[in-house]
Amino acid sequence: MRIGILSDIHSNLEALEAVDEALSSASVDTIYFAGDVVGYGPDPNPCTQWVRDRAEIAVAGNHDFAAIGMMDPETFNSNAREAIIWNSERLEDWAGDYLKELPMVVTRDEVTIVHASPRAPELWEYIFTLWDAEVNFSHFLTEFCFVGHSHQPVMVGMDPEGVVTVIPGESLKAEEGHRYLINVGSVGQPRDGNPDACCGILDTSTFEFTLVRIPYDVRKTQRKMVKEGLPLALVDRLSEGR
Ligand code: ZN
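Everything numeric here is computed off the predicted structure, so don't read it as measured data.

S.K.: Would you explain the overall build of the protein chain in this entry?
M.R.: Within the protein chain one finds eight helices and 12 strands. Expected size for 242 residues packed as a compact globule is a radius of gyration near 18 Å; at 17 Å, the protein chain falls within 12% of this value. In terms of overall dimensions, the protein chain has C-alpha extents of about 50 × 35 × 30 Å along its principal axes. Going through the 242 residues of the protein chain one by one, you find that 56% of them count as buried. At a minimum sequence separation of 6, the contacts of the protein chain that also span at least 24 residues come to 71%. By element, 49% of the accessible surface of the protein chain is carried by carbon and sulfur atoms, the whole surface being about 10400 Å². Taken together, the 19 basic and 39 acidic charged side chains of the protein chain have centroids lying 6 Å from each other.

S.K.: Mind showing me how you'd approach the packing of aromatic side chains here?
M.R.: Both the distance between ring centres and the angle between the ring planes are used here to describe each pair of aromatic rings. On inspection of all chains with the given rule, the structure shows six aromatic pairs. Relative to Phe128, the ring of Tyr126 has its centre 5.2 Å away and its plane inclined at 5°; by these criteria the two rings are stacked. Judged by relative accessible area, which is 54%, Phe128 ranks as exposed. Ring pairs connect the aromatic residues Phe144, Phe146, Tyr180 and Phe209, which therefore count as one cluster. The lysine or arginine in question, Arg237, covers the ring of Tyr40, its NZ or CZ lying 5.9 Å from the ring centre.

S.K.: For this particular structure, what's the right way to read the packing of helix α1 (residues 13-25) against helix α2 (residues 44-54)?
M.R.: Helix-helix packing is characterised by the crossing angle of the two axes and by the distance between the axes. Remark: α1 packs on α2, axes separated minimally by 9 Å, with the N-to-C direction vectors making an angle of 30°. What the angle tells us is that α1 and α2 run roughly parallel. In terms of crossing hand, the pair formed by α1 and α2 is left-handed. In this structure, α1 contributes Leu13, Leu16 and Asp20 to the contact, and α2 contributes Pro46, Cys47, Trp50 and Arg54. Partitioning the contact of α1 with α2 into residue classes produces five nonpolar, no polar and two charged.

S.K.: What exactly am I supposed to notice about the environment of Thr221 here?
M.R.: Topologically, Thr221 is positioned in helix α7 (residues 218-227). As a C-alpha pair, Thr221 and Phe207 span 14 residues in sequence and 35 Å in three-dimensional space. Those residues within four positions of Thr221 in sequence are excluded, and the remaining contacts are Asn12, Glu14, Pro42, Tyr216 and Leu238. A distance of 3.2 Å separates a polar atom in the side chain of Thr221 from a polar atom in the side chain of Asn12.

S.K.: Explain the sheet that holds strand β6 (residues 144-147) to me, please; I cannot follow it from the model alone.
M.R.: Strand-to-strand pairing in sheets goes through backbone hydrogen bonds, with the strands running parallel or antiparallel. Read from one edge of the open sheet, six strands run β4-β5-β6-β10-β7-β8, paired in mixed fashion. Of all strands in the sheet, those bounded by a partner on one side alone are β4 (105-108) and β8 (164-166). Neighbour to neighbour, the strand axes of the sheet diverge by 15° on average, direction disregarded. Taken together, the three bridges between strand β5 (residues 111-114) and β6 define a ladder with parallel strand orientation. Paired with Thr112 across the strands is Cys145, a residue of β6. Across the face of the sheet, helix α6 (residues 130-137) comes into contact with β7 (154-158), β8 and β10 (179-183) while running at roughly 55° to β7.

S.K.: Looking at this structure, I do not really get the environment of Lys227. What am I missing?
M.R.: With respect to the helices and strands, the residue Lys227 is situated in helix α7. For Lys227, a relative accessible area of 71% puts it in the exposed group. Taking the C-alpha atoms as reference, Lys227 lies 9.4 Å from Pro42; in sequence the two are 185 residues apart.

S.K.: Just checking my understanding: could you explain the coordination of the zinc ion for this structure?
M.R.: The textbook angles at a metal center are 109.5 degrees for a tetrahedron of four donors and 90 or 180 degrees for an octahedron of six. The protein atoms that coordinate the zinc ion are Asp8 (OD), His10 (NE2), Asp36 (OD) and His151 (NE2), at distances spanning 2.0 to 2.4 Å. Mapped onto the polypeptide sequence, the residues donating to the zinc ion form the spacing pattern D-x1-H-x25-D-x114-H. Here Asp8 is found in the loop between β1 (2-6) and α1, whereas its partner Asp36 is found in the loop between β2 (30-33) and α2, with 28 residues between them in sequence. Taking relative accessible area as the criterion, Asp36 reaches 1% and is therefore assigned buried.

Calculation criteria
- Residues numbered from 1 in each chain as written.
- Predicted model: local features only at pLDDT ≥ 70, side-chain atom pairs only at ≥ 80, totals over all residues.
- Heavy atoms only, no water.
- Helix = DSSP H or I, 4+ residues; strand = E, 2+ residues; numbered from the N terminus.
- Rg over C-alpha atoms; globule rule 2.2 N^0.38 Å.
- Buried < 20%, exposed > 50% of the residue type's maximum accessible area, 1.4 Å probe, protein only.
- Contact = heavy atoms within 4.5 Å.
- Areas by Shrake-Rupley, 256 points an atom, 1.4 Å probe, with all protein chains shown as cover.
- Lys, Arg positive; Asp, Glu negative; His and termini not counted.
- Charge placed at Lys NZ, Arg CZ, Asp CG, Glu CD.
- Phe/Tyr/Trp six-rings, centres within 6.5 Å; stacked < 30°, edge-to-face > 60°.
- Lys NZ or Arg CZ within 6 Å of the ring centre and 35° of its normal.
- Axes fitted to C-alpha atoms, helices over the stretch in contact; angles between N-to-C directions.
- Parallel < 35°, antiparallel > 145°, perpendicular 65-115°, else oblique.
- Left-handed = near helix turned anticlockwise from the far one by under 90°.
- Nonpolar A, V, L, I, M, F, W, Y, C, P; charged D, E, K, R; others polar.
- Polar contact = N/O pair within 3.5 Å; in protein donor to acceptor, adjacent residues only side chain to side chain.
- Pairing = 2+ DSSP bridges.
- Donors = N, O, S within 2.8 Å, 3.2 Å for Na, K, Ca; no water.

That is the geometry; function is a separate question.
The structure is reproduced here in structure tokens:
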């Protein structure tokens, strides 16, 4: 089975449509989603609808909970807060109901999915350093744990002796006795200097995982954001991938 693993769509429909097309071309069988459907961008309802209709597994992100009043928007910086309130005001009832029911963590076969960290999902903490990653390996039992939240793709492996290393490149082949903590990057607001949408594909028959980059019409999303009066800093960062 080939699983498309996505995170942090952030109401960016153009990025999501490009990813959808790429995953279809790659013959992906199912979708797992690691949270943050809404926030930042201009299309909260169609993005929520896509996740609701297409994702076999979906978990909550901090922006999702903030948009439906399950988290205080004051904990976000001013631009993020403004966009969350904008998203929240336009979210249709069915979409809010869907987001409200999202779980924090899901485990299926050899995969754990959580937005921020398996150690304490409700704290929305970031996994930035190798030490952060190492601590988190003892908080999931599966071979793979997929996260989002930082919008920066990275693959970290732990060998049978417990040694943790960053795996270079865009793909890995899982080794016997090794475990992997992987950030699949962001569909709708990448922050690793590459503006292309990012996601991952896990092939459970070959145990191969690949990070995929997909160009999309960034300017179209930016034009919508300007038209809707969303913060310009959020518009600009899309073309910079920051
Ligand atoms: Zn996010």
